[in-house]
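The residues making up each chain are set out below.
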Amino acid sequence: MNNMHDHIVKSYDDEQQRLLKETLRMGEMAAAQLEAALDVVQRRDDRAAERIIANDEAIDAIEHEVSHDVMKLALRGPMARDLRQILAAIRIAADIERIGDLAANVAKRSRALNLAPPLPHIAGLHALGMLAVQQVRDALAAYRDSDIEQAQRVRARDAEIDIAYTGLFRELLTYMMEDARSITGCTHLLFMAKNMERVGDHATNIAENVWFLVRGEESLPPREKRDESISTGT
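Residues numbered from 1 in each chain as written. Predicted model: local features only at pLDDT ≥ 70, side-chain atom pairs only at ≥ 80, totals over all residues. Heavy atoms only, no water.

**Student:** Can you break down a nonpolar patch on the surface residue by residue, with the values?
**Tutor:** The grouping of Leu83, Leu87 and Ile90 at the surface amounts to a nonpolar patch, some 230 Å² of accessible area in total. In this fold, Leu83 is placed in helix H3 (residues 80–113). Here Leu83 falls in the partly exposed class, since its relative accessible area comes to 42%. (Patch = residues over 30% accessible without salt bridge, like charges linked within 9 Å, V, L, I, M, F, W, Y side chains within 5 Å. Areas by Shrake-Rupley, 256 points an atom, 1.4 Å probe, with all protein chains shown as cover. Salt bridge = Lys/Arg side-chain N within 4 Å of Asp/Glu carboxyl O. Helix = DSSP H or I, 4+ residues; strand = E, 2+ residues; numbered from the N terminus. Buried < 20%, exposed > 50% of the residue type's maximum accessible area, 1.4 Å probe, protein only.)

See the structure below:
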């Protein structure tokens, strides 16, 4: 009888590990898509943009697998910690799926942007985007290791993305006012920049779910106020 119990526990642990690995694989795919989309904007490569848009379906397919595995685990009568693992996986997979959507959206807009003359602000978008990519990767590492200190660092650094986004937003508005011919291209870049800011928000959500996974309903510590330059710099 003890052997049977050990087998059930091992089987359950194996399924939890599979769920974690699937979610992390999905996350790395979304981060890679995001990097590729930023690269496509810089290179003005329509064909590569099409590939990124098509690849979004692969991320969606893994989310379906994750949902299926979550259901299997939920039906096994989980304990409190296990239930947190299941809930965290559902929420994190949903955030990753949105990151994949935002990467595809940047790739779609890059094709429209390529119809306009090149803009100098693409470098600023790339820098903002790479901050967001790093946030996603760091949040996923925190999830992989159940590392709440890493998760808190991700939350704290979200202010850096907000500052970079606000700076780029102002630059683009100024440029549009100075040169009406740039309005179409700058508008696409504004939407792309907003997408990167939203990626940062999804990375923060992942980090907060790592806290929930490890600490349950215990309140998150307050975030550092590091974005005062936004309100004081004007």
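Structure's up, so let's keep going.
**Student:** Provide a residue-level description of the pattern of salt bridges, including the pertinent values.
**Tutor:** Counted by the stated rule, this structure contains 13 salt bridges. Put simply, Arg18 and Asp69 hold a salt bridge, and the shortest N to O gap is 2.9 Å. Pair noted here: Arg18 is in helix H1 (residues 2–43) and Asp69 is in helix H2 (residues 46–74), with a separation of 51 residues, a long-range link. Classification of Arg18 by relative accessible area gives partly exposed; the value is 42%.

**Student:** Give a description of the confidence of the model for the protein that names residues and reports values.
**Tutor:** Summarising the model, the protein shows a mean pLDDT of 89, and 89% of its residues fall at 70 or more. When mean pLDDT is taken per element in the protein, helix H4 (residues 122–145) scores highest with 97 and helix H7 (residues 228–232) scores lowest with 41. Confidence drops under pLDDT 50 across residues 225–234; counting only partners more than four residues distant or on other chains, this segment forms 13 contacts. (pLDDT = per-residue confidence, 0-100. Contact = heavy atoms within 4.5 Å.)

**Student:** Please give an account of the packing of aromatic side chains that cites residues and values.
**Tutor:** Overall, the coordinates contain one aromatic pair when judged by the stated rule. A ring pair is formed by Tyr165 and Phe169, whose centres lie 6.0 Å apart and whose planes are at 50 degrees; its orientation type is tilted. A residue pair is termed a helical-turn pair when its members lie 3 or 4 positions apart in one helix, as Tyr165 and Phe169 do in helix H5 (residues 148–178) at four residues. A relative accessible area of 14% means that Tyr165 is categorised as buried. Relative accessible area serves as the criterion here: at 32%, Phe169 is assigned to the partly exposed category. In this arrangement the basic side chain of Arg91 is found over the ring face of Phe212, its NZ or CZ atom lying 4.6 Å from the centre. (Phe/Tyr/Trp six-rings, centres within 6.5 Å; stacked < 30°, edge-to-face > 60°. Lys NZ or Arg CZ within 6 Å of the ring centre and 35° of its normal.)

**Student:** Provide a residue-level description of H4, including the pertinent values.
**Tutor:** Across its 24 residues, H4 extends 35 Å between first and last C-alpha, which sits within 8% of the 34 Å expected from 1.5 Å per residue. Positive backbone phi, at 50 degrees, marks Ser146, one or two positions downstream of H4. (Expected span 1.5 Å × (residues − 1).)

**Student:** Before we move on, can you summarise the packing of H5 against helix H6 (residues 183–215) with the specific residues and values?
**Tutor:** At a minimum axis distance of 9 Å, the contact between H5 and H6 shows a crossing angle of 170 degrees. With respect to H6, the element H5 is oriented roughly antiparallel. (Axes fitted to C-alpha atoms, helices over the stretch in contact; angles between N-to-C directions. Parallel < 35°, antiparallel > 145°, perpendicular 65-115°, else oblique.)

**Student:** If you had to explain the side chain of Arg155 to someone new, which residues and values would you point to?
**Tutor:** Structurally, Arg155 can be placed in helix H5. Assessed through its relative accessible area of 8%, Arg155 is described here as buried. A distance of 3.2 Å separates the side chain of Arg155 from the side chain of Glu208, its partner in a polar contact. When near neighbours in sequence (up to four residues on either side) are disregarded, Arg155 contacts Thr204, Ala207, Glu208, Leu220, Pro221 and Arg223. (Polar contact = N/O pair within 3.5 Å; in protein donor to acceptor, adjacent residues only side chain to side chain.)

**Student:** Tell me about the packing of H4 against H5, and name the residues and values.
**Tutor:** Direction vectors running N to C along H4 and H5 enclose 170 degrees, while the axes themselves pass 10 Å from each other. With respect to H5, the element H4 is oriented roughly antiparallel. Every pair of crossing elements has a handedness; the one defined by H4 and H5 is left-handed. Contact residues: H4 offers Gly124, Leu125, Leu128, Leu131, Ala132, Gln135, Asp138, Ala139, Ala141 and Ala142, while H5 offers Gln150, Ala151, Val154, Arg157, Asp158, Glu160, Ile161, Ala164, Tyr165 and Leu168. Taken together, the residues that form the contact of H4 with H5 break down as 13 nonpolar, three polar and four charged. (Left-handed = near helix turned anticlockwise from the far one by under 90°. Nonpolar A, V, L, I, M, F, W, Y, C, P; charged D, E, K, R; others polar.)

**Student:** Lay out the environment of Ala142 with the relevant residues and their values.
**Tutor:** Tracing the chain through its elements places Ala142 in helix H4. Taking the C-alpha atoms as reference, Ala142 lies 8.9 Å from Val154; in sequence the two are 12 residues apart. Dropping the residues within four chain positions of it, Ala142 is found in contact with Asp147, Gln150, Ala151 and Val210.

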